[in-house]
Amino acid sequence: MKDRIEKLALFGGVPAFPEKLHVGRPNLGDREQFLARVNGMFDRNWLTNNGPLVEEFEQKLATMLGVRHCIALCNATVALEITTRALDLQGEVIVPSFTFVATAHALQWQGITPVFCDIDPLTHTIDPACVEKMITPRTTGIVGVHLWGRPCNIESLQEIADRKNLKLMFDAAHAFGCSHRGKMIGNFGQAEVFSFHATKFFNSFEGSIVATNYDGLAEKIRLMKNFGFSGYDNVVYIGTNGKMTEICAAMGLTGLESLDKVIETNRRNYHNYGKELDDVPGVRPVVYDESEKCNFQYVVFEVDEEEAGISRDLLVEVLQAENVMARRYFYPGCHRMEPYRSYFPHSHLLLPNTEMLVTKVISLPSGTAVGGDEISTICRIIRTAVTCSGKLPAVGAPTK
Ligand SMILES: *Cc1c(COP(=O)(O)O)cnc(C)c1O
């Protein structure tokens, strides 16, 4: 393997970057501000259990999103689990397969069957027409995923949910700071779940908020994330430990102060990639609706092997040989991962667009760790790989 990677390196066998450039390198806020908050935390000696930093974080986010309730949690996976429970989802829930596996796991972990649904090949989000076909008497809900921060077809999904009496919630892990028809993501369905994991463009080390405009649901989630405690000795639900710590809230609050700057950097990076790769055949960017608020955190391209003359997989190998750690998000699709592959061995037959996109999509490094020069070099590698594609060894070919 090492041989092969060295052979793939295009510039004299030396990687174009001496150190690895990763997708999802953390964007850090102001260190002094963060440390000042941490000092305050130590002075108060209040580390977790709904401290003042968590409360401030929740309030700031509720204001920013224009939503009635934001509940801070330890991570988005637990937040998805708690939200599905609070919504009383059971039986079958319809989800896209083209997402991070946590969307499916959060359901399966609750004993709910994730029913994988195909996506619209243009938007990469769950296709409402397919949702309709997947509904059975056991279906209780739909979990849409705003993939790459691009909102689902929310109106159609809500219409189906209303007509079929289903709950609708969203995995909004990618969509913090994005809007849909002028309204911030966080206001749609029964609830929306954001992730603030370190690899997301905005982080609280680990963390999440559930945003909802439903008072009863918010109250239930608050109780469930704290073991179901309602007062000192009174437990009213089965609950778990889903609390956010004060130090995570300190990180989140600090990150909020540079959020606009990070988005601006992401936007610039995204457009730089777009311009530099504009004339490269078969390499097409995922586009955003720039009349809406958008976080531009993912720089995603679709590689059309026929046009580009190079497969997505080989392009990823070439980039990685140059220390550009491009990723095949979300390959191979949840339906091809365990346990789902064994549970539903034929599900790929119902997912033609997912099957097609998992072979085409490539995610490139962005965020504050990447500047214009790096992007130029990355694009030069891609251009060279496409131009010389015929001369590269095929994936899996012997390297000697
Ligand atoms: C990151 C991510 C999650 C999980 O978030 P965590 O906070 O790491 O648990 C869930 N869904 C999607 C689509 C994600 O990208």
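Residues numbered from 1 in each chain as written. Predicted model: local features only at pLDDT ≥ 70, side-chain atom pairs only at ≥ 80, totals over all residues. Heavy atoms only, no water.

(A) Quick look at the site of the ligand. In the vicinity of the ligand, 14 residues are found, and the nearest of them are Thr 77, Asp 171, His 174, Ser 195 and Lys 200. Elements represented by at least two residues in the shell around the ligand include exactly α4 (76–86) and α5 (102–108). Grouping the constituent residues of the shell around the ligand by class yields 4 nonpolar, 8 polar and 2 charged. (Near = heavy atom within 4 Å. Helix = DSSP H or I, 4+ residues; strand = E, 2+ residues; numbered from the N terminus. Nonpolar A, V, L, I, M, F, W, Y, C, P; charged D, E, K, R; others polar.)

(B) Main features of the packing of aromatic side chains. This structure, assessed with the given rule, holds 23 aromatic pairs. Taken together, a centroid distance of 6.4 Å and an interplanar angle of 80° make the contact between Phe 98 and Phe 330 edge-to-face. Of this pair, Phe 98 sits in the loop between β3 (92–96) and α5 while Phe 330 sits in the loop between β13 (324–325) and α13 (340–343), and the two are 232 residues apart along the sequence. Of the two residues, Phe 98 and Phe 330, both sit in the buried class. Between Phe 176 and Phe 196 the ring centres are 5.1 Å apart and the planes differ by 70°, which places this aromatic pair in the edge-to-face class. Of the two residues, Phe 176 sits in the loop between β6 (167–171) and β7 (179–180) while Phe 196 sits in the loop between β9 (191–195) and β10 (208–212), which places them 20 residues apart along the sequence. With respect to class, Phe 176 is no different from Phe 196; both count as buried. An aromatic cluster is present here, built from Phe 57, Phe 176, Phe 194, Phe 196, Phe 201 and Phe 202 joined pairwise through their rings. The side chain of Lys 200 reaches across the aromatic face of Phe 100, ending 5.8 Å from its centre. In this structure, Arg 328 is placed above the aromatic ring of Tyr 331, and the distance from its NZ or CZ to the ring centre is 4.0 Å. (Phe/Tyr/Trp six-rings, centres within 6.5 Å; stacked < 30°, edge-to-face > 60°. Buried < 20%, exposed > 50% of the residue type's maximum accessible area, 1.4 Å probe, protein only. Lys NZ or Arg CZ within 6 Å of the ring centre and 35° of its normal.)

(C) Just a nonpolar patch on the surface, in detail. On the surface, Phe 227, Phe 229 and Val 235 cluster together into a nonpolar patch covering about 240 Å² of accessible area. Val 235 gets classed as partly exposed once you look at its relative accessible area, which sits at 45%. (Patch = residues over 30% accessible without salt bridge, like charges linked within 9 Å, V, L, I, M, F, W, Y side chains within 5 Å. Areas by Shrake-Rupley, 256 points an atom, 1.4 Å probe, with all protein chains shown as cover. Salt bridge = Lys/Arg side-chain N within 4 Å of Asp/Glu carboxyl O.)

(D) Structural context of the pattern of salt bridges. Per the counting criterion, the structure on display carries 17 salt bridges. Between Asp 215 and Arg 68 there is a salt bridge, with the nearest N and O atoms lying 2.8 Å from each other. Taken together, the positions of Asp 215 in helix α8 (residues 215–224) and Arg 68 in the loop between α3 (52–65) and β2 (69–73) put the pair 147 residues apart, joining distant regions of the chain. By relative accessible area, which is 40% here, Asp 215 ends up partly exposed. Judged by relative accessible area, which is 54%, Arg 68 ranks as exposed. Between Arg 267 and Glu 264 there is a salt bridge, with the nearest N and O atoms lying 3.2 Å from each other. Taken together, the residues Arg 267 and Glu 264, both in helix α10 (residues 259–276) and 3 residues apart, mark about one turn of the helix. Judged by relative accessible area, which is 28%, Arg 267 ranks as partly exposed. Counted as one network, the salt bridges with shared partners bring together Glu 58, Arg 222 and Lys 225.

(E) Inspection of the pairing of strand β5 (residues 139–145) at higher detail. Taken across its 7 residues, β5 has 6 buried, putting it largely inside the fold. Relative to β5, β3 is paired through 3 bridges, and the arrangement is parallel. Within β5, the position partnered with Glu 92 by the bridge is Thr 139. Pairing geometry for β5 and β6, over 5 bridges, is parallel. The partner of Gly 141 across the bridge, within β6, is Lys 167. Taken together, β5, helix α7 (residues 154–164) and β6 constitute a β-α-β crossover, and its handedness is right-handed. (Pairing = 2+ DSSP bridges. Right-handed = clockwise from strand over helix to strand, strands pointing away.)

(F) Molecular detail of the environment of Tyr 270. Examined against the element boundaries, Tyr 270 turns out to sit in helix α10. It is 40 Å that separates the C-alpha atoms of Tyr 270 and Gln 90, two residues lying 180 residues apart in sequence. When near neighbours in sequence (up to four residues on either side) are disregarded, Tyr 270 contacts Pro 285, Val 286, Val 287, Tyr 288, Glu 290, Phe 296, Tyr 298 and Val 299. A distance of 2.8 Å separates a polar side-chain atom of Tyr 270 from the backbone oxygen of Val 286. (Contact = heavy atoms within 4.5 Å. Polar contact = N/O pair within 3.5 Å; in protein donor to acceptor, adjacent residues only side chain to side chain.)

(G) Representation of the packing of helix α2 (residues 31–44) against helix α9 (residues 246–257). Orientation of α2 relative to α9, taken along the N-to-C sense of each, is 150°, at an axis distance of 9 Å. Taken together, the axes of α2 and α9 lie roughly antiparallel to each other. The crossing of α2 and α9 is right-handed. Residues Gln 33, Phe 34, Arg 37, Val 38, Met 41 and Arg 44 of α2 touch α9, and the partners they reach there are Glu 246, Ile 247, Ala 250, Met 251, Leu 253, Thr 254 and Glu 257. Its residues assigned to classes, the contact of α2 with α9 shows 7 nonpolar, 2 polar and 4 charged. (Axes fitted to C-alpha atoms, helices over the stretch in contact; angles between N-to-C directions. Parallel < 35°, antiparallel > 145°, perpendicular 65-115°, else oblique. Left-handed = near helix turned anticlockwise from the far one by under 90°.)

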